[in-house]
There are 2 protein chains.
Amino acid sequence: MKRNPKTEESAIPQTHPEPDDKDREILKLLQENARMSVTEIASRVHLSPTPVHERIRRLEEWGVIRQYATLLDAQKLDKGLMVICYVSLKQHDKKAGLKFIQAINGLNEVVECYSISGEFDFMLKVLAKDMAGFYDFHVNRLSQVENLGHVQSVFVMGVIKQTHKMLF
Amino acid sequence: MKRNPKTEESAIPQTHPEPDDKDREILKLLQENARMSVTEIASRVHLSPTPVHERIRRLEEWGVIRQYATLLDAQKLDKGLMVICYVSLKQHDKKAGLKFIQAINGLNEVVECYSISGEFDFMLKVLAKDMAGFYDFHVNRLSQVENLGHVQSVFVMGVIKQTHKMLF
DNA sequence: ACTGAAAGACACAGACT
DNA sequence: AGTCTGTGTCTTTCAGT
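Residues numbered from 1 in each chain as written. Chains lettered and ligands numbered in written order. Predicted model: local features only at pLDDT ≥ 70, side-chain atom pairs only at ≥ 80, totals over all residues. Heavy atoms only, no water.

- The name recorded for chain A in an unreviewed UniProt entry is Lrp/AsnC family transcriptional regulator, from Niabella pedocola.

1. A closer look at the interface of chain A and chain B
Logical step 1: Listed by partner, the interface residues are 63 residues for chain A and 63 residues for chain B.
Logical step 2: Where chain A packs against chain B, one counts two salt bridges.
Logical step 3: Residue Lys125(B) is joined to Glu112(A) by a salt bridge in which the shortest nitrogen-to-oxygen separation is 2.6 Å.
Logical step 4: At the boundary of chain A with chain B, the tally comes to 43 residue pairs in polar contact (both at pLDDT 80 or more).
Logical step 5: Counting only elements with at least two residues in the side of chain A that touches chain B, the list comes to α1 (21–32), α3 (49–62), β1 (65–72), β2 (81–89), α4 (94–105), β3 (110–116), β4 (122–128) and β5 (148–162) of chain A.
Logical step 6: Looking at the side of chain A that touches chain B, the element that brings in the most residues is β5(A), giving nine residues. (Contact = heavy atoms within 4.5 Å. Salt bridge = Lys/Arg side-chain N within 4 Å of Asp/Glu carboxyl O. Polar contact = N/O pair within 3.5 Å; in protein donor to acceptor, adjacent residues only side chain to side chain. Helix = DSSP H or I, 4+ residues; strand = E, 2+ residues; numbered from the N terminus.)

2. Focus: the protein's contact with DNA strand D
Logical step 1: Near DNA strand D, the surroundings consist of Ser48(A), Thr50(A), Pro51(A), Arg55(A), Arg58(A), Ser37(B), Val38(B), Thr39(B), Thr50(B) and His53(B).
Logical step 2: Considering DNA strand D, the proportion of its atoms within 4 Å of the protein that are sugar or phosphate atoms stands at 79%.
Logical step 3: A distance of 2.6 Å separates a phosphate oxygen of DNA strand D from a polar side-chain atom of Thr39(B).
Logical step 4: Contact distances for DNA strand D include 2.8 Å between a phosphate oxygen and a side-chain N or O atom of His53(B).
Logical step 5: Those elements that provide at least two residues to the surface near DNA strand D are α3 of chain A together with α2 (38–45) and α3 (49–62) of chain B.
Logical step 6: At four residues, α3(A) tops the list of elements feeding residues into the surface near DNA strand D. (Near = heavy atom within 4 Å.)

Given below as structure tokens:
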């Protein structure tokens, strides 16, 4: 169990950023519906609204809650094609890496980017309207990025599962 | 412009599930903060609360809005390791595929699964506490799935970008 | 489709246990 | 750390334009 490092000897556990079981119950509910009212959460976790409110405030403060997001339907918003792009860089020094990261953050089509193990340096998840849209992205936007080595693309033919749930 | 196919000749455009510019402005705001009040959205898109409320209701009904989700911090909830797993199946008939999909949906560690082009059949995004946790998942959960062929894992060393934004 | 008004529910803060 | 109570704001509905 983590202890607050403020006073080394404190045997009394102080308030520290470890969500307890009630916090987790609250997070489970919010995970599925960010708009659930504090009142309803309270009744489901068998607490009154005030402590629930305070717990949520703390979870936000600790950064356990990153964002209240609205998830949209890609198909219905002209983003029906998902492509996984593997890219390697020509140069691997720190400065080149940072420039690449900056470039990626400027590409709205790239919704995720990870530094990965293996023969490629990065994995990108790209959303496009269709194949023509992806081709345009590839040729006019991605290929223009400095220091780019090889690119290999894997096309997503179907979504089997897609969730953000970490707690059950 | 799409028209309602109910009556083939209807020249009058009926209400149809195409978000207009105001809808998109609302979606842009909700995308970033699912808890933004209707009142505040209204003031930002220069409308009164009532039509904003009605537009949001329609966007939910059309399925453009999939979910109001709370995104949590994986690191702070013992899910600090992300692994991309490529898997191929032994048999590729429809029945075998459906059984695989069912099995994947039962694995909480798998947060995303896509059917992909290339030598593998599926790509999985897996969250685990650490390498020991992933090993446990691999040996005791994933490998137990029926009809599983090869598995190849790519480890995520760093998150460069992670968003769900489709509108800008 | 939007405006304005009106009811009910909720968030949030305070005093108390 | 939680309950109870009150106030102001927001959501939500409805009649009207």
